[in-house]
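# Structural overview for review
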Amino acid sequence: EAAGEAVAQAVLDKYLALVLRPAVLEPALRRGFERAGQAARSDFVATVEATHAAALPLLREQTSHLDTGGGEGRAALAVDW
């Protein structure tokens, strides 16, 4: 039984080395996944930036929370210790 397992392991090791070639494929797969991740992030950031830019005029026209000045006196803070 031990001999059979040793042969099976040897066949698996040869298959891994010759067919799957991890020394060659793993770096290529890693680079591919890294490029895909970077592209996805870039697309996400571009979409958020475009959505943000499209929303700013509406926010400026319809709300006041983007105003930079004039906030004094709008809110009162009272701390009662």
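Here we summarise the structure given alongside this text. Since the structure is predicted, the reported quantities are computational estimates derived from the model, not experimental observations. (Residues numbered from 1 in each chain as written. Predicted model: local features only at pLDDT ≥ 70, side-chain atom pairs only at ≥ 80, totals over all residues. Heavy atoms only, no water.)

### So, the overall build of the chain
Rules: The secondary structure listing takes helices from DSSP runs of H or I that are at least 4 residues long and strands from runs of E that are at least 2 residues long, numbered from the N terminus. Whether a residue is buried, partly exposed or exposed follows from its accessible area with a 1.4 Å probe, protein chains only, as a fraction of its type maximum: under 20%, in between, or over 50%, in that order. All accessible-area figures derive from a Shrake-Rupley calculation using a 1.4 Å probe, and residue coverage is judged against the displayed protein chains alone.
Of the regular secondary structure elements, the chain holds two helices and zero strands. The buried share of the chain, taken over its 81 residues, is 1%. Surface accessibility of the chain: about 7500 Å² in total, with carbon and sulfur atoms responsible for 62%.

### Quick look at helix α2 (residues 22-62)
Here is the rule: Any helix carries an expected span of 1.5 Å times its number of residues minus one. One fitted axis covers the seven residues ending at a residue, a second covers the seven starting there, and the bend at that residue is the angle between these axes.
Here α2 contains 41 residues, and its C-alpha end-to-end distance of 58 Å stays within 8% of the 60 Å for a straight helix at 1.5 Å per residue. A maximum bend of about 30 degrees is found in α2 at A55, where proline P57 lies one to four positions downstream.

### Observations regarding a nonpolar patch on the surface
Put simply, the rule reads: What goes into a patch is any residue over 30% in relative accessible area without a salt bridge, connected to like charges within 9 Å or, for nonpolar side chains (Val, Leu, Ile, Met, Phe, Trp, Tyr), within 5 Å. In what follows, salt bridge is the name for a side-chain nitrogen of Lys or Arg lying within 4 Å of a carboxyl oxygen of Asp or Glu.
On the surface, L12, Y15, L16, L18, V19 and L20 cluster together to form a nonpolar patch covering roughly 570 Å² of accessible area. Looking at the secondary structure, you find V19 in helix α1 (residues 2-20).

### Quick look at unusual backbone geometry
Despite not being glycine, R21 shows a phi value in the positive range, around 40 degrees. By the element assignment, R21 lies in the loop between α1 and α2.

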